[in-house]
Amino acid sequence: MSTTKWGLDPTHSEIGFKVRHMMLTNVSGSFNEFTADAETEGEDFTTAKINFSAATKSINTNNEQRDQHLQSPDFFDKDKYPAITFKSTNFVKQDEDTFKLEGDLTIKDVTKKVALQVEYGGVSKDPWGNNKAGFSLSGKINREDFGLTWNAALETGGVLVSNEVKLHAEIQLVKQA
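Side note on the overall build of the protein chain
Helix and strand counts for the protein chain stand at one helix and 11 strands. Counting from the amino terminus, the protein chain carries its helices and strands in the arrangement β-β-β-β-β-β-α-β-β-β-β-β. A globule of 177 residues ought to have a C-alpha radius of gyration of about 16 Å, and the protein chain, at 17 Å, matches this closely. Taking the principal axes of the C-alpha coordinates as reference, the protein chain spans close to 60 × 30 × 30 Å. Counting only residues that meet the buried cut, the protein chain has 40% of its 177 residues in that class. Restricting the contact set of the protein chain to residue pairs at least 6 apart, pairs at least 24 apart contribute 55%.

As structure tokens, this is what we get:
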């Protein structure tokens with residue numbers, strides 16, 4: 001079977017996260033600059049080799065002061081570590097539309113194995129004849145595992161920023177000619 005290459009459709013994709021703030025509510029954010037590609041045998045995504053990268057300078061929480069703090073050495077240190085990367089190691093079909101995506105996530109030169117839940121939307125042709133594949137991803141990581149350890153204790157107990165980060169993404173890939 002022949003190898004199929006897939007590229008990101010950035011206008012129909014988004015990468016986001018949520019972190020608990022003051023143990024009260026979730027603060028949402030996203031990355032505005034990211035790339036992804038995949039290589040499959042035919043259109044069989046269980047054979048997929050997936051690569052992803054997000055520019056740390058592109059973090060967006062709709063608060064400029066918070067974004068600057070997240071880009072600083074307290075968190076992502078964008079000047080020293082310009083990208084967050086993911087490289088898949090396994091894509092396991094769990095049922096008709098659900099997969100588990102396993103791979104190596106690197107943040108600040110710390111690489112850890114992570115597993116993400118993936119809902120496969122299928123493959124379809126758009127009105128211009130392009131074959132597209134759609135995926136919804138979700139998962140959780142502990143930010144301290146990646147050296148993102150800045151925090152502040154609260155007078156009432158607890159901390160300002162939770163360690164658990166919820167990840168979510170909507171990804172649309174385009175089959176390359």
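Let's talk about a negative patch on the surface
On the surface, a cluster of negative charge is contributed by Glu 14, Asp 95, Glu 96, Asp 97, Glu 119 and Glu 170. Structurally, the position occupied by Glu 96 is in the loop between strand 7 (83–93) and strand 8 (98–107). By relative accessible area, Glu 96 is classed as exposed at 58%.

Describing the nonpolar core
In summary, soluble globular proteins display a tendency toward joint burial of nonpolar side chains. Phe 45, Phe 76 and Phe 135 are the most contacted members of the largest nonpolar core, which totals 40 residues. Contacts of Phe 135, omitting those with residues within four sequence positions, involve Phe 45, Phe 91, Val 118, Glu 119, Tyr 120, Ala 169, Glu 170, Ile 171 and Leu 173.

What to know about helix 1 (residues 64–71)
Of all the positions in helix 1, only Asp 67, Leu 70 and Gln 71 are classed as buried. Projected down its long axis, helix 1 carries its buried residues within an arc of 100 degrees, all on one side. As for helix 1, its buried residues are in contact with strand 6 (59–60). Where helix 1 begins, the capping side chain belongs to Asn 63, and its oxygen is found 3.2 Å from the backbone nitrogen of Gln 65.

Observations regarding the pairing of strand 9 (residues 110–125)
In regular strands, side chains alternate between the two faces of the sheet. Pairing of strand 8 with strand 9 involves 10 bridges; the strand directions are antiparallel. Bridge pairing in strand 9 places Glu 102 opposite Ala 115. When strand 9 meets strand 10 (residues 131–142), the two strands line up antiparallel, connected through eight bridges. Its bridge partner being in strand 10, Lys 125 is matched across the sheet by Asn 131. Counted along the chain from strand 9 to the antiparallel partner strand 10, the turn is five residues long, and its residue Gly 129 has a positive phi close to 90 degrees.

Some details on the packing of aromatic side chains
Within the structure shown, the criterion is met by 11 aromatic pairs. Between Phe 91 and Phe 135, the ring centres sit 6.4 Å apart and the planes meet at 75 degrees, which makes this aromatic pair edge-to-face. With Phe 91 in strand 7 and Phe 135 in strand 10, this pair connects stretches of sequence that are 44 residues apart. Residue classification places Phe 91 among the buried positions, given a relative accessible area of 5%. Here a set of aromatic residues connected by ring pairs shows up, and it is made of Trp 6, Phe 45, Phe 91, Phe 99, Tyr 120 and Phe 135.

Rules used throughout
Residues numbered from 1 in each chain as written. Predicted model: local features only at pLDDT ≥ 70, side-chain atom pairs only at ≥ 80, totals over all residues. Heavy atoms only, no water. Helix = DSSP H or I, 4+ residues; strand = E, 2+ residues; numbered from the N terminus. Rg over C-alpha atoms; globule rule 2.2 N^0.38 Å. Buried < 20%, exposed > 50% of the residue type's maximum accessible area, 1.4 Å probe, protein only. Contact = heavy atoms within 4.5 Å. Patch = residues over 30% accessible without salt bridge, like charges linked within 9 Å, V, L, I, M, F, W, Y side chains within 5 Å. Areas by Shrake-Rupley, 256 points an atom, 1.4 Å probe, with all protein chains shown as cover. Salt bridge = Lys/Arg side-chain N within 4 Å of Asp/Glu carboxyl O. Lys, Arg positive; Asp, Glu negative; His and termini not counted. Charge placed at Lys NZ, Arg CZ, Asp CG, Glu CD. Core = buried A, V, L, I, M, F, W, Y, C linked by side-chain atoms within 4.5 Å. Arc of directions from axis to C-beta. Polar contact = N/O pair within 3.5 Å; in protein donor to acceptor, adjacent residues only side chain to side chain. Pairing = 2+ DSSP bridges. Phe/Tyr/Trp six-rings, centres within 6.5 Å; stacked < 30°, edge-to-face > 60°.

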